Amino acid sequence: MKITLKAARVNAELTLAVAAKELGITKNTLINYEKYRTVPNMEMGTAMATLYGVSVDDLIFLPKHCALSTI
């Protein structure tokens, strides 16, 4: 099941501040990932999946309107 970054964080019952701290990034960086302004690298994507308790394959890293999001 595909899930957005924000939904995965909320489902893991993590606040933005706590998740950012656990990931070693700023809240603004996490907001940018969740709003698809920037895309995390593979290492960060894997860390996010682990923290949120989901598979990296289930996380949506790009908005629907982006051609690469269907790859």
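**Observations regarding the overall build of the chain**
Moving on, step 1. Of regular secondary structure, the chain possesses four helices and two strands.
Moving on, step 2. Beginning at the N terminus, the succession of helices and strands in the chain can be written as β-α-α-α-α-β.
Moving on, step 3. Looking at the chain as a whole, 30% of its 71 residues are labelled buried.
Moving on, step 4. Of the roughly 4800 Å² that the chain leaves accessible, carbon and sulfur atoms contribute 57%.

**Here we look at the nonpolar core**
Moving on, step 1. Ranked by internal contacts, the top residues of the largest apolar core, which has 16 residues, are Leu23, Ile25, Leu30, Tyr33, Met48, Tyr52 and Leu59.
Moving on, step 2. The greatest single-element share of this core, amounting to four residues, is contributed by helix 4 (residues 42-52).
Moving on, step 3. In contact with Tyr33, not counting residues within four places along its chain, are Leu5, Ile25, Thr38, Val39, Pro40, Met44 and Met48.

**Some remarks on the packing of helix 2 (residues 16-23) against helix 3 (residues 27-34)**
Moving on, step 1. One can describe the packing of helix 2 onto helix 3 by two numbers: an axis separation of 9 Å at closest approach and a directional angle of 105 degrees. Judged on the interaxial angle alone, helix 3 and helix 2 are roughly perpendicular. From helix 2, Leu16, Ala17, Ala19, Ala20 and Leu23 reach across to helix 3, where they touch Lys27, Leu30, Ile31 and Glu34.
Moving on, step 2. Each residue belonging to the contact of helix 2 with helix 3 can be placed in one class, and the counts come to seven nonpolar, no polar and two charged.

**Regarding the confidence of the model for the chain**
Do not read the fine detail of predicted coordinates wherever pLDDT is low.
Moving on, step 1. Per-chain confidence: the chain averages 90 in pLDDT, with 87% of residues scoring 70 or above.
Moving on, step 2. When pLDDT is averaged over each element of the chain, helix 2 comes out on top at 98 and strand 2 (residues 59-60) at the bottom at 92.

**Quick look at the side chain of Arg9**
Moving on, step 1. Inspection of the secondary structure puts Arg9 in helix 1 (residues 5-11).
Moving on, step 2. By relative accessible area, which is 7% here, Arg9 ends up buried.
Moving on, step 3. Beyond its immediate chain neighbours, meaning those up to four positions away, Arg9 contacts Leu14, Thr15, Leu16, Ala19, Leu30, Glu34 and Tyr52.

**Describing helix 4**
Moving on, step 1. Buried within helix 4 are the following residues: Met44, Gly45, Met48, Ala49 and Tyr52. Across the axial projection of helix 4, the buried residues extend over an arc of 140 degrees, all falling on one side. Residues of helix 4 that are exposed and point over 90 degrees away from its buried face: Met42, Glu43 and Thr50.
Moving on, step 2. Taken together, the buried residues of helix 4 touch helix 1, helix 2, helix 3 and strand 2.
Moving on, step 3. Where helix 4 begins, the side chain of Asn41 points an oxygen toward the backbone nitrogen of Glu43, at a separation of 3.2 Å.
Moving on, step 4. One or two steps after helix 4, the chain reaches Gly53, where phi turns positive at roughly 75 degrees.

About the criteria used
Residues numbered from 1 in each chain as written. Predicted model: local features only at pLDDT ≥ 70, side-chain atom pairs only at ≥ 80, totals over all residues. Heavy atoms only, no water. Helix = DSSP H or I, 4+ residues; strand = E, 2+ residues; numbered from the N terminus. Buried < 20%, exposed > 50% of the residue type's maximum accessible area, 1.4 Å probe, protein only. Areas by Shrake-Rupley, 256 points an atom, 1.4 Å probe, with all protein chains shown as cover. Core = buried A, V, L, I, M, F, W, Y, C linked by side-chain atoms within 4.5 Å. Contact = heavy atoms within 4.5 Å. Axes fitted to C-alpha atoms, helices over the stretch in contact; angles between N-to-C directions. Parallel < 35°, antiparallel > 145°, perpendicular 65-115°, else oblique. Nonpolar A, V, L, I, M, F, W, Y, C, P; charged D, E, K, R; others polar. pLDDT = per-residue confidence, 0-100. Arc of directions from axis to C-beta. Polar contact = N/O pair within 3.5 Å; in protein donor to acceptor, adjacent residues only side chain to side chain.

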